[in-house]
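Understanding the architecture of this molecule
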Amino acid sequence: MARDGAHYVCQSCGGVHAKWAGQCPSCGAWNSLVEEKQSRPPGALKPAKARGVIFETLQSETPEPARILTGIGEFDRVCGGGVVPGSAILLGGDPGVGKSTLLLQAAASAARRGARIAYVSGEEAVEQIRSRASRMGLADAPVNLAAATALRDIVATLKRERFDIVVIDSIQTLWSDAHEAGPGSVTQVRACAGELVRLAKSVGTAVILVGHVTKDGQIAGPRVVEHMVDAVLSFEGERGYPFRILRGNKNRFGATDEIGVFEMGDQGLGEVANPSALFLGEGGARAPGSAVFAGIEGTRPVLVEVQALVAPSAYGTPRRAVVGWDTGRLAMVLAVLEARCGLGFGDRDVYLNVAGGLRISEPAADLAAAAALVSSVSETPLPQNCVVFGEISLSGDVRPVSRFEGRLREAAKLGFDHALCPVLPGRKGAEAVPSGGFGLTGVSRLGEAVARISESRFEGSS
Ligand code: TYD
Ligand code: MG
């Protein structure tokens, strides 16, 4: 350690180093190390005597405190069944996606249910929040509203008032006078989040921190806060679409990968109980290049339309554009279609779009993307009531995926009666089928799927 407990913190990755350097040894960023002094309380220079650690049993003697339900069902579910008292939650998302709106609604709803809620904003003035609340019909909710950015004041108040939930909007606007760095810097964000998390544990107030995501998709520049908090939620949405997805990325008190779906309207966010209907677009005849993917998001099956367009390229280098899916994954599916099925994309532009603004990350979407691409190339629409799912391997195999039944059941619920999917090993597909004459076209190789689609050969389709 350098003199006086000083150390150097990288403003880009959050790495802590004993010595200053022009380039961060952790992430390689230039000129990003900033000195941070550790303020030691006077008289604490002499190391204290160790007291030993007391071990406990796994079984708790005190009953688990009841979770605080905000009454916004989608939010509570993503939190793992309500907010745990004394926990710290980070809600990340792009500026303007609706984080403040969501938390104001959750705060108002929880307050109406009798919880003691504080909403501290460093971004907006009290009047602004009030006018938004009145537009959303929340003005009468007993939320304690404040505009503040000084950490010291906020902490002192929270110690005194003992709220059930405190929303801090946002962590980047907070400022601790124990550090010289400006608000929003890694040093400040780390210090403020650390202090609030400690406070949450000690007074039993649940703290929800809002964090804006930077261009490269990381919260507060680096992910300095993620490891401190109990749950990391992200709020996502594509520009131009009203749908917003609340996703649990880390949760010490519940399942991760859980999603909540909302729709942004002129009165704030509305919960979407049946997301499949939303992401399917309009009914009517399915056009070539469209496939319905039966996916699983968190614990819920969700049907989404995957659209592909393959067109002759006007330039030397063909274009590949993807919305809502992984570019690398598309490149892989295209390569497998070329190498194993003899389809050429070298002189064609490929566009792939996931309808409704959802982002899919499941490998089971491979076959749906491939089906949409093949359907577009062959100009043959898939059967109207057909869902598609399955993972594709580099060798061209179509691999089974998890939650077979759940996917089919959701499809059946929405009026689909047919699936193009992997063959389940050791099991007849029909056994997994919901009652009511579901047609299954099981394929074990991508080539089979290509032939089936381009020749419109499906089992028992209507
Ligand atoms: P906001 O919650 O301020 O975003 P964040 O806190 O993530 O930066 O949301 C701002 C956007 O939401 C803004 O573009 C307007 C839109 N909006 C609506 O469409 N309807 C509404 O009722 C509200 C409150 C906001
Ligand atoms: Mg905001």
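The rules behind the values
- Residues numbered from 1 in each chain as written.
- Chains lettered and ligands numbered in written order.
- Predicted model: local features only at pLDDT ≥ 70, side-chain atom pairs only at ≥ 80, totals over all residues.
- Heavy atoms only, no water.
- Helix = DSSP H or I, 4+ residues; strand = E, 2+ residues; numbered from the N terminus.
- Buried < 20%, exposed > 50% of the residue type's maximum accessible area, 1.4 Å probe, protein only.
- Lys, Arg positive; Asp, Glu negative; His and termini not counted.
- Charge placed at Lys NZ, Arg CZ, Asp CG, Glu CD.
- Core = buried A, V, L, I, M, F, W, Y, C linked by side-chain atoms within 4.5 Å.
- Domains from an automatic or database assignment.
- Contact = heavy atoms within 4.5 Å.
- Polar contact = N/O pair within 3.5 Å; in protein donor to acceptor, adjacent residues only side chain to side chain.
- Near = heavy atom within 4 Å.
- Nonpolar A, V, L, I, M, F, W, Y, C, P; charged D, E, K, R; others polar.

**Focus: the overall build of the protein chain**
Of regular secondary structure, the protein chain possesses 10 helices and 21 strands. For the protein chain, the spread of C-alpha atoms along the three principal axes comes to 80 × 55 × 50 Å. For the protein chain, the proportion of its 462 residues judged to be buried stands at 50%. One way to put it: in the protein chain the 48 positive side-chain charges average out to a point 6 Å from where the 49 negative ones average out.

**Quick look at the nonpolar core**
The biggest cluster of nonpolar side chains holds 66 residues, and the ones touching the most others in it are Trp325, Leu337, Leu373 and Leu446. Here this core gets eight residues from one element, more than from any other, and that element is helix α8 (residues 366-378). Built from parts of two domains, this core gets at least three residues from each of domain 2 (73-273) and domain 3 (280-455). Here Trp325 is in contact with Leu330, Val333, Leu352, Val354, Arg359, Ile360, Glu362, Ala365, Asp366 and Ala369, once residues within four sequence places are set aside. Of all hydrophobic cores here, the second largest spans 36 residues; its members include Cys79, Leu103, Ala110 and Ile165.

**Let's talk about the side chain of Asp230**
Mapped onto the elements of the fold, Asp230 is located in the loop between β8 (206-212) and β9 (231-236). A relative accessible area of 3% places Asp230 in the buried class. At 2.8 Å, the side chain of Asp230 and the backbone nitrogen of Ala88 are in polar contact. Side chain to side chain, Asp230 and Lys201 meet in a polar contact 2.7 Å long.

**As for the domain arrangement of the protein chain**
Per the domain assignment, the segments of the protein chain are domain 1 (6-37), domain 2 (73-273) and domain 3 (280-455). For domain 1 versus domain 3, the separation of C-alpha centres amounts to 46 Å.

**Describing the site of ligand 1**
Surveying the vicinity of ligand 1 reveals 16 residues, the closest of which are Gly96, Ser100, Thr101, Gly265 and Gly268. Within the backbone of Gly268, a nitrogen or oxygen atom sits 2.7 Å from an oxygen atom of ligand 1. Every element with two or more residues in the shell around ligand 1 is listed here: α2 (99-112), α3 (126-135) and β11 (259-265). If one sorts the elements of the shell around ligand 1 by residue count, α2 sits on top with three residues. In the shell around ligand 1, the residues fall into four nonpolar, seven polar and five charged.

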